[in-house]
Amino acid sequence: MMRRVSDAEWEVLRVLWAAGEASAADIVSALQATTSWKPTTVRTRLTRLVKKGIVNFRPEVAGYVSLAVMTEAQCAAMERRSFLQKVYRGDPRSMLAAFLTEERLTPEDIAELRRLLDERRS
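In this report, we go over the structure that sits alongside the text. A quick note: this is a predicted structure, and the numbers were derived from the prediction, not measured. (Residues numbered from 1 in each chain as written. Predicted model: local features only at pLDDT ≥ 70, side-chain atom pairs only at ≥ 80, totals over all residues. Heavy atoms only, no water.)

## Things to note about the pattern of salt bridges
Overall, the coordinates contain seven salt bridges when judged by the stated rule. In this structure, the salt-bridge partner of Lys 52 is Glu 9, at a minimum N-O distance of 2.7 Å. Of this pair, Lys 52 sits in the loop between helix H3 (39-51) and strand E1 (55-60) while Glu 9 sits in helix H1 (residues 7-19), placing them 43 residues apart in sequence. Residue Arg 115 is joined to Glu 112 by a salt bridge in which the shortest nitrogen-to-oxygen separation is 2.6 Å. With a gap of three residues between them, Arg 115 and Glu 112 both fall in helix H6 (residues 107-121), about one helical turn apart. Under the relative-accessibility criterion, Arg 115 is labelled partly exposed at 38%. (Salt bridge = Lys/Arg side-chain N within 4 Å of Asp/Glu carboxyl O. Helix = DSSP H or I, 4+ residues; strand = E, 2+ residues; numbered from the N terminus. Buried < 20%, exposed > 50% of the residue type's maximum accessible area, 1.4 Å probe, protein only.)

Written out as structure tokens, the structure reads:
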């Protein structure tokens, strides 16, 4: 079962990945410029991430400190697999074909894609 990460949870995770670990108050402070979240909102998002197994916490004298147990790359891979399964029924060729026909690609983009495909073939 894949664990879907909401957009709001991604914001919390980005703070944790940048900091290494943080209290809910630290996360609220870090997100003040871009959100109007209250501390209870941040705690709710942290609780959801703990239930999904993406974040863990440890008690400290002044409360709890949260830390991500999955890296950004691991979460991105999980999201890619979920998207591929949900939208393209697990067929990467369909996804790539749609992307290649709908997006403008520079010659450099095409060269990089060819390089990656050639690498996979080896």
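Moving on from the coordinates now.
## What about the packing of aromatic side chains?
Counted under the stated rule, the structure contains three aromatic pairs. An angle of 85° between the planes, with centres 5.1 Å apart, marks the rings of Phe 57 and Tyr 64 as edge-to-face. In this structure, Arg 45 packs its charged tip against the face of Trp 37, placed 4.2 Å from the ring centre. (Phe/Tyr/Trp six-rings, centres within 6.5 Å; stacked < 30°, edge-to-face > 60°. Lys NZ or Arg CZ within 6 Å of the ring centre and 35° of its normal.)

## Quick word on H1
Its 13 residues place the ends of H1 19 Å apart at the C-alpha level, agreeing with the 18 Å of an ideal helix rising 1.5 Å per residue. Listed in full, the buried residues belonging to H1 are Ala 8, Glu 9, Trp 10, Val 12, Leu 13, Val 15 and Leu 16. For H1, the elements touching its buried residues are helix H2 (24-31), H3, E1, strand E2 (63-68) and helix H4 (72-88). One or two steps after H1, the chain reaches Gly 20, where phi turns positive at roughly 90°. (Expected span 1.5 Å × (residues − 1). Contact = heavy atoms within 4.5 Å.)

## Considering the environment of Val 28
Along the chain, Val 28 turns up in helix H2. You can call Val 28 buried: its relative accessible area is 13%. Spatially, the C-alpha atom of Val 28 lies 18 Å from that of Arg 58, the residues being 30 residues apart in sequence. When residues no more than four places from it in sequence are discounted, the contact partners of Val 28 are Trp 37, Lys 38, Pro 39 and Val 42.

## Focus on the environment of Leu 113
In this fold, Leu 113 is placed in helix H6. The partly exposed category is assigned to Leu 113, whose relative accessible area is 30%. Once the C-alpha coordinates of Leu 113 and Leu 49 are considered, the two residues, 64 residues apart in sequence, prove to be 34 Å apart.

## What about the nonpolar core?
Counting residues in hydrophobic clusters, the biggest one holds 21 residues, and the most contacted among them are Val 12, Ile 27, Leu 46 and Ile 54. Listing elements by their share of this core, those giving two or more residues are H1, H2, H3 and H4. Sorting elements by how many residues they give to this core places H1 first, with six residues. Here Ile 27 is in contact with Val 12, Val 15, Leu 16, Ala 22, Val 42 and Leu 46, once residues within four sequence places are set aside. (Core = buried A, V, L, I, M, F, W, Y, C linked by side-chain atoms within 4.5 Å.)

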